[in-house]
Amino acid sequence: MSEQRLLTIPTFSIMLEHHTIMRDIIREMDEMSEPYVREATFISRLHRYIQGQNKDKQKQLRTAFSTDNLLAVHILVDKDEFGGESRLIFDRSVIGVFRLFDHSLFQDLTDVALKIQLGGIRLLLAKLQSNTLLFSDSDLDFKELIDELFHRLSELLNSIRLNLVKMQMINQELSEASELAAKSDNPQVFSVLQRESIGKISLLLSRHILPTRQFLDEKSRLKDGPNLFECLQSLRSQFEHHQDHQRSTAMLKYEVSFNSFHSQISKVSQSVDQFLARSKKRLKQFNAIETAFSDLVKELDATRHNLKRSQIDGQFARDNGAFLGLMQQARPKVLRISSSEAYLNNVVSDIEARVADQGLLEKDRYVDLISSKDDSTERRLERAECIYNLVKQMKMTEYQDLTLALQRRLKGNLPEYHFIDLLEGLNFLMRSNEMLDGHAVKVTNFRNRIVQGDTVYLYRKIRTERVTQ
């Protein structure tokens, strides 16, 4: 390592610029469940990283990440020897900064970590209840205690928030991995991935989710003392008793915040439970199928070596149980879409028909239409175009009954007017922002009737309103 030294800010700036080095180091520490990193591992990771840098950058990185430089700027708090290995212990605040860059690096909250934080809050509560403080900011002991209290509560709140994000992310990733495993064509890949997913999610549930959920449950009762919410309520009572309403309100806000996290983590817990149940069911089915198949292969091999035994003994099916009733089931039909000539012909014919239909809607193309039976298609298209033009020319205003207003216009301008013409006109109007001319359509619960010949049609009134910008 280089013997040169850098100041704290330049060193930390270089570490932030090349934060992937620290990210990998922190991940190594978390996987080993150790608060330190071995110096050999650190140097090896740094060496691999600087290989892709130019010479000036390599020199800068060697200087910044040298053990002596990191100790001098207090980024490393200690370097010790244990078991013949040199260990590097980074400052916790420095590690915390790099954890913010990657959700997967958020520090896990275990049952032990939560109890340690709760113990600190209980200790501060006991000092406030001891009646040895003046409950005044002019008392330095009281001021320091209050600052420590709010620091601990804020730190606990932030830790739970970050862990909740990490739990949700891990749960989503494992669920997606399990779904991919279920779609795998390789049985061994499916088995391995499913077992790994179940193991990881079970660890997440037992070590992190359930302890955190219990910690945030205001109804939980702890043998060693009050739970978190009981502590917050006692703190609030102390502040209220001494007329410190501002801090009393702050304690109430903390109660609400921690309680909201409990409901969120309960949802994650339920999702994990469902995932475990689904994964275990899949694995159980897979194991049953694999066992039955391996037994079936053994029976088949026996028929190959024994020429007198041409069939598998029926006792095998009766003992196994998985094949009972199989002969009564219809054989599944094979659907060969990709290689079916008839299917491809149908697809081509359907495309050709759709293209021809689209051509019918083009203006001035009605003379080209020829029907094998009559000219009804041509007449319908002409009538639809006529209705479209009439509706397009209609002046839009604020109507209390748009349907009735449209019927009056169409009925006086269309020969042999029928109710179906009104429906087609409404369809054109409701689908065109240009025709609505800046009006919003409101379908009301008021009803009206339209008479057409001997038929009475009941409909809900449609109101139009001018949209103000």
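Quick note: structure is the one above.
Since the model is a prediction, treat every value here as computed from it, not as a measurement.

In this section: helix α2 (residues 19-32). Note that an α-helix has 3.6 residues per turn; residues three or four places apart therefore point the same way. In a regular helix each residue adds 1.5 Å, so 14 residues correspond to 20 Å; α2 covers 20 Å between its end C-alpha atoms and thus fits that length. Listed as buried for α2 are I21, M22, I25, I26 and M29. Along α2, the residues classed as buried sweep out an arc of 125° about the axis, all on the same side. On its buried face, α2 sits against α1 (8-17), β1 (37-38), α3 (39-50), β3 (85-90) and α6 (92-99). Where α2 terminates, the next one or two residues include S33, which has phi positive at roughly 55°.

Along the chain, R48 falls in helix α3. Judged by relative accessible area, R48 falls into the exposed class, the value being 52%. With 27 residues separating them in the primary sequence, R48 and I21 have C-alpha atoms 9.6 Å apart.

Before going further, it helps to spend a moment on the sheet that holds β3. The antiparallel open sheet is built from three strands, whose spatial order is β1-β3-β2. Taken across any chain shown, the strands that pair with only one partner, and hence form the sheet edges, are β1 and β2 (76-82). Summarising the sheet, β2 and β3 pair through six bridges and their orientation is antiparallel. Residue pairing in the sheet places D80 in a bridge with R87 of β3.

Looking now at the nonpolar core. Nonpolar side chains in soluble globular proteins tend to be buried together. By size, the foremost hydrophobic cluster in this structure holds 43 residues, and its most contacted members are L128, L228, L235 and F258. Broken down by secondary-structure element, the contributors of at least two residues to this core are α7 (111-129), α8 (140-182), α9 (187-215), α10 (228-241) and α11 (245-305). In terms of residue count, the dominant contributor to this core is α11 (eleven residues). Counting residues in each nonpolar core, the second largest holds 25 residues, with F42, V94, I95 and L105 among its members.

Time to look at the pattern of salt bridges. Per the counting criterion, the structure on display carries 19 salt bridges. Where D80 meets R87, a salt bridge forms, and the shortest distance between an N and an O atom there is 2.9 Å. Across the pair E148 and R152 runs a salt bridge whose closest N-O atoms are separated by 3.0 Å. Taken as a pair, E148 and R152 lie in helix α8 at a separation of four residues, close to a single helical turn. Looking at R152, the relative accessible area reads 30%, which means it is partly exposed. Via salt bridges that share partners, R23, D24, R27 and R45 belong to a single interconnected network.

Conventions adopted
- Residues numbered from 1 in each chain as written.
- Predicted model: local features only at pLDDT ≥ 70, side-chain atom pairs only at ≥ 80, totals over all residues.
- Heavy atoms only, no water.
- Helix = DSSP H or I, 4+ residues; strand = E, 2+ residues; numbered from the N terminus.
- Expected span 1.5 Å × (residues − 1).
- Buried < 20%, exposed > 50% of the residue type's maximum accessible area, 1.4 Å probe, protein only.
- Arc of directions from axis to C-beta.
- Contact = heavy atoms within 4.5 Å.
- Pairing = 2+ DSSP bridges.
- Core = buried A, V, L, I, M, F, W, Y, C linked by side-chain atoms within 4.5 Å.
- Salt bridge = Lys/Arg side-chain N within 4 Å of Asp/Glu carboxyl O.

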